[in-house]
Amino acid sequence: MFVTDDRVSDDDEFIQILEATLRGGATIVQLREKKLNTKRFYRRAVETKAVCDRYEVPLLVNDRIDIALSVNADGVHLGQSDMPPSVARKLIGDDKIIGWSVGSFEQAEEANGLEVDYLGLSPVFATNTKTLDLEPPLGLEGIEEIRKISGKPLVSIGGIDEGNAAAVIESGSDGIAVISAISRSCDPERTTTNLKEILCRTGSKR
């Protein structure tokens, strides 16, 4: 999963990075914007959806169910302080994806009873991208412990790059979500391709 970087304010640069990740093989995109007003967020969502549709890649919107509905996104990703998943499900329907951020063993255990399609484990490692309201890093051991008690797909985020992606998958995560390692790369397409190859190679050995 490529999670868009809300530090990229230039629209042209934003689309260039997005398209590079899709050419590189990203299989799902999450639009994350913490700073834009609703009007600009909507415009960026329209553009992002158009690009994702061309590559036939699902688009999720972080937090904002209204934005997701307005562009017919494929789903939403919600945090612990966002709308409850049960209410979100009523709003977006049974055919849409709902991801749910968890940062502790207790939150993951609670999620077993929620109508969510995957868990976003956050943060796995220390990160400068997401700094507010974060639990302590889970580490690889945290992934292993949550894997034991959760039957839902796990997507890990936070400080993941080409150097540690394999270990994340080996620890029990089904996928990874990446922001900085891609958006700050001098070659986002190649970085995405490399990460995907690592995931496919490591996952086939599990």
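Keep in mind that what you see is a predicted model, and the values were worked out from it rather than measured. (Residues numbered from 1 in each chain as written. Predicted model: local features only at pLDDT ≥ 70, side-chain atom pairs only at ≥ 80, totals over all residues. Heavy atoms only, no water.)

Looking at this structure, I do not really get the sheet that holds strand E1 (residues 2-3). What am I missing?
Strand-to-strand pairing in sheets goes through backbone hydrogen bonds, with the strands running parallel or antiparallel. Read from one edge of the open sheet, eight strands run E1-E2-E3-E4-E5-E6-E7-E8, paired in parallel fashion. The two strands at the open ends of the sheet, each matched to only one other strand, are E1 and strand E8 (175-177). In this structure, strand E7 (residues 154-157) lies alongside E8, joined through three bridges in parallel fashion. Counterpart to Ser-156 in the pairing with E8 is Ile-176. (Pairing = 2+ DSSP bridges. Helix = DSSP H or I, 4+ residues; strand = E, 2+ residues; numbered from the N terminus.)

How should the environment of Gln-80 be read in this particular structure?
Examined against the element boundaries, Gln-80 turns out to sit in the loop between strand E4 (75-78) and helix H4 (85-92). You can call Gln-80 partly exposed: its relative accessible area is 35%. For the pair Gln-80 and Gly-103, spaced 23 residues apart in the sequence, the C-alpha separation amounts to 9.0 Å. The residues contacting Gln-80, other than those within four sequence positions of it, are Trp-100, Ser-101, Val-102 and Gln-107. Within the structure, the side chain of Gln-80 is placed 2.7 Å from the backbone oxygen of Ser-101, a separation counted as a polar contact. (Buried < 20%, exposed > 50% of the residue type's maximum accessible area, 1.4 Å probe, protein only. Contact = heavy atoms within 4.5 Å. Polar contact = N/O pair within 3.5 Å; in protein donor to acceptor, adjacent residues only side chain to side chain.)

Is there a simple way to explain the environment of Ser-70 in this structure?
Mapped onto the secondary structure, Ser-70 falls in helix H3 (residues 65-70). Classification of Ser-70 as partly exposed rests on a relative accessible area of 40%. Remark: the alpha-carbon pair of Ser-70 and Ala-126, spanning 56 residues in sequence, is separated by 34 Å. A polar atom in the side chain of Ser-70 sits 2.7 Å from the backbone oxygen of Ile-67.

Quick question: what am I supposed to make of the pairing of strand E6 (residues 118-121) here?
Both faces of the sheet carry side chains from a regular strand, because those side chains alternate between them. Residue alternation in E6 divides its side chains into two sets, Tyr-118 and Gly-120 and Leu-119 and Leu-121, and both sets are buried. Note: strand E5 (residues 97-102) against E6, four bridges, orientation parallel. Bridge pairing links Ser-101 to Gly-120 in E6. Handedness of the E5-helix H5 (residues 105-111)-E6 crossover: right-handed. As paired strands, E6 and E7 are joined by three bridges and run parallel to one another. (Right-handed = clockwise from strand over helix to strand, strands pointing away.)

Quick question: what am I supposed to make of the side chain of Asn-62 here?
If you trace the backbone, Asn-62 turns up in strand E3 (residues 59-62). Taking relative accessible area as the criterion, Asn-62 reaches 7% and is therefore assigned buried. Reaching out from Asn-62, the side chain makes a polar contact with the side chain of Gln-30 at a distance of 2.7 Å. Polar contacts involving the side chain of Asn-62 include one to the side chain of Lys-34, which spans 3.3 Å. With near-sequence residues (within four places) excluded, Asn-62 lies in contact with Gln-30, Leu-31, Arg-32, Lys-34, Phe-41 and His-77.

What is the right way to read the pattern of salt bridges from this model?
When the charged atoms of two side chains with opposite charge come close together, those side chains can pair. Scanning all chains against the criterion turns up 14 salt bridges. Between Arg-40 and Asp-11 there is a salt bridge whose closest N-O contact spans 3.5 Å. Taken together, the residues span a long stretch of sequence, with Arg-40 in helix H2 (residues 38-55) and Asp-11 in helix H1 (residues 11-24) at a distance of 29 residues. Given a relative accessible area of 34%, Asp-11 falls into the partly exposed group. One salt bridge in this structure joins Asp-117 and Arg-89, with 3.0 Å as the shortest N-O distance. Pair noted here: Asp-117 is in the loop between H5 and E6 and Arg-89 is in helix H4, with a separation of 28 residues, a long-range link. Residue classification places Asp-117 among the partly exposed residues on the basis of a relative accessible area of 35%. The class of Arg-89 is buried, set by a relative accessible area of 8%. Ionic contacts of the salt-bridge type, sharing partners, join the residues Asp-11, Glu-33, Arg-40 and Arg-44 into one network. (Salt bridge = Lys/Arg side-chain N within 4 Å of Asp/Glu carboxyl O.)

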